[in-house]
Amino acid sequence: GENVEQHPSTLSVQEGDSAVIKCTYSDSASNYFPWYKQELGKGPQLIIDIRSNVGEKKDQRIAVTLNKTAKHFSLHITETQPEDSAVYFCAASITGANNLFFGTGTRLTVIP
Amino acid sequence: EAGVAQSPRYKIIEKRQSVAFWCNPISGHATLYWYQQILGQGPKLLIQFQNNGVVDDSQLPKDRFSAERLKGVDSTLKIQPAKLEDSAVYLCASSLWADETQYFGPGTRLLVL
C-alpha cells in the first residue's frame, strides 16, 4: 500500500510567522492529497485538499503545493495565529478520497 | 448540519473482553469509514461501507474485529476479544458518496488493560 512520510514531527513558530509542513508519498498512482487539522480530543477536520491535476491550491492563509514528479506535497500556513496550534496530518490516496493513507502528524505550536 | 456522532467517547476494558462502538454519520451520507488511530500516529483505515455494503476491509483484523451497517445509516464496530495493542482512538468518518470529502467524528478512546 501507499506509504506517507511527514516532516517535521513538531514545529514551533512565532505568531505571525509562516509554517511549512512537508509530506512525501511512495505510490505514483496517488491522486488525492488532503490535509487535516486535529485538535485535542477531537476528530480530524479537513482544512484543504488537492488532486493530482492541480499543482497548487490556496484558501486564505492556507496553501498546498504538489510536486508529482518528486512525489511530495506541502502545507503552507501564513500569518499564523495561536488558534492554528494543533496536530496536522497529510494523507494520500490512489482511489480518490476513499482509502486515505495518513502521515504521522506534525504538532504545530504558535507562540503568542 | 449535525456532524458525525460517536459513542461512547471513552471506554476502559480488560484484555480478552468485548467492546462495541457506535457511529451515526451525517444525514444523507452514503459512505462510512472506521479508522484506528494509535497514539502518536495517523489514522489507519479499518473498513469502508457504501450504504450497507463493504467496499474495503483489507486492513480489518477479521479474527477479532467486525463491523456492520445493517440499514445503511448507523454502524457498529466490535472487538472480541480485545488485546492490549487495541488501545487506540477509533474514528468514524462519513462522506456524501465515495471519492468525496470525509468528515470525522470525535472518536472513541479505548484503553485495554
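## Here's the deal with the overall build of chain A
And step 1. Each helix and strand counted, chain A has zero helices and eleven strands in total.
And step 2. Here the C-alpha radius of gyration of chain A, 13 Å, is about what a compact globule of 112 residues would show, namely 13 Å.
And step 3. Counting across all 112 residues of chain A, residues that qualify as buried make up 47%.
And step 4. Of all intrachain contacts in chain A linking residues separated by at least 6 positions in sequence, the fraction that spans at least 24 positions is 54%.

## Thoughts on the interface of chain A and chain B
And step 1. Each partner contributes residues to the interface: chain A has 21 residues there, and chain B has 21 residues.
And step 2. Between chain A and chain B, a total of about 1400 Å² is buried, with carbon and sulfur atoms accounting for 46% of that surface.
And step 3. For the pair chain A and chain B, the number of links is zero salt bridges.
And step 4. Across the chain A-chain B interface, the total number found is four residue pairs in polar contact (both at pLDDT 80 or more).
And step 5. Counting only elements with at least two residues in the side of chain A that touches chain B, the list comes to β4 (32-38), β5 (45-51) and β10 (101-102) of chain A.

## Observations regarding the state of the cysteines
Disulfides are covalent bonds that connect the sulfur atoms of two cysteines.
And step 1. The full count for this structure, using the stated rule, is two disulfides over all chains.
And step 2. Note on cysteine connectivity: A:C23 is disulfide-linked to A:C90, with sulfurs 1.9 Å apart. Its S-S torsion of about -100° marks the bond between A:C23 and A:C90 as left-handed, since a negative value means left-handed. Of this pair, A:C23 sits in strand β3 (residues 19-25) while A:C90 sits in strand β9 (residues 86-92), placing them 67 residues apart in sequence.
And step 3. Under the relative-accessibility criterion, A:C90 is labelled buried at 0%.
And step 4. Two residues share a disulfide in this structure: B:C23 and B:C92, whose sulfurs sit 1.9 Å from each other. The sign of the S-S torsion, about -70°, decides the handedness of the disulfide formed by B:C23 and B:C92: left-handed. Taken together, the residues span a long stretch of sequence, with B:C23 in strand β3 (residues 19-24) and B:C92 in strand β9 (residues 88-95) at a distance of 69 residues. Assigned by exposure class, B:C23 and B:C92 land together as buried.

## Describing the pattern of salt bridges
And step 1. Per the counting criterion, the structure on display carries five salt bridges over all chains.
And step 2. Put simply, A:K57 and A:D49 hold a salt bridge, and the shortest N to O gap is 3.0 Å.
And step 3. Relative accessible area serves as the criterion here: at 36%, A:K57 is assigned to the partly exposed category.
And step 4. The class for A:D49 is buried, based on a relative accessible area of 14%.
And step 5. Between B:K62 and B:D57 there is a salt bridge; the shortest N-O distance is 3.7 Å.
And step 6. Using a relative accessible area of 27% as the deciding quantity, one classes B:D57 as partly exposed.

## Points about the packing of aromatic side chains
All names here are of chain A.
And step 1. What the rule picks out here adds up to 13 aromatic pairs over all chains.
And step 2. Ring geometry for F33 versus F73: centroids 4.9 Å apart, planes at 50°, classification tilted. On the criterion of sequence distance, the pair formed by F33 in strand β4 and F73 in strand β8 (residues 72-77) is long-range, its members being 40 residues apart. In terms of burial, F33 and F73 fall into one category: buried.

## A word on the sheet that holds strand β6 (residues 56-59) of chain A
Hydrogen bonds between backbone atoms are what pair the strands of a sheet, whose relative direction is either parallel or antiparallel.
Residues and elements named next belong to chain A.
And step 1. Spatial ordering of the open sheet is given by β1-β3-β8-β7-β6, a layout of five strands whose pairing is antiparallel. Looking at the sheet topology across the chains shown, the edges are occupied by β1 (4-7) and β6. Here the average twist between neighbouring strands, direction ignored, is 15°.
And step 2. In terms of strand pairing, strand β7 (residues 62-67) meets β8 through six bridges, oriented antiparallel. Looking at β8, one finds that V64 is bridged to L75.

Each value, and the rule that gives it
Residues numbered from 1 in each chain as written. Chains lettered and ligands numbered in written order. Predicted model: local features only at pLDDT ≥ 70, side-chain atom pairs only at ≥ 80, totals over all residues. Heavy atoms only, no water. Helix = DSSP H or I, 4+ residues; strand = E, 2+ residues; numbered from the N terminus. Rg over C-alpha atoms; globule rule 2.2 N^0.38 Å. Buried < 20%, exposed > 50% of the residue type's maximum accessible area, 1.4 Å probe, protein only. Contact = heavy atoms within 4.5 Å. Buried area = accessible area lost by both parts, 1.4 Å probe. Salt bridge = Lys/Arg side-chain N within 4 Å of Asp/Glu carboxyl O. Polar contact = N/O pair within 3.5 Å; in protein donor to acceptor, adjacent residues only side chain to side chain. Disulfide = S-S within 2.5 Å. Phe/Tyr/Trp six-rings, centres within 6.5 Å; stacked < 30°, edge-to-face > 60°. Pairing = 2+ DSSP bridges. Axes fitted to C-alpha atoms, helices over the stretch in contact; angles between N-to-C directions.

The values are spatial; any link to function lies outside them.
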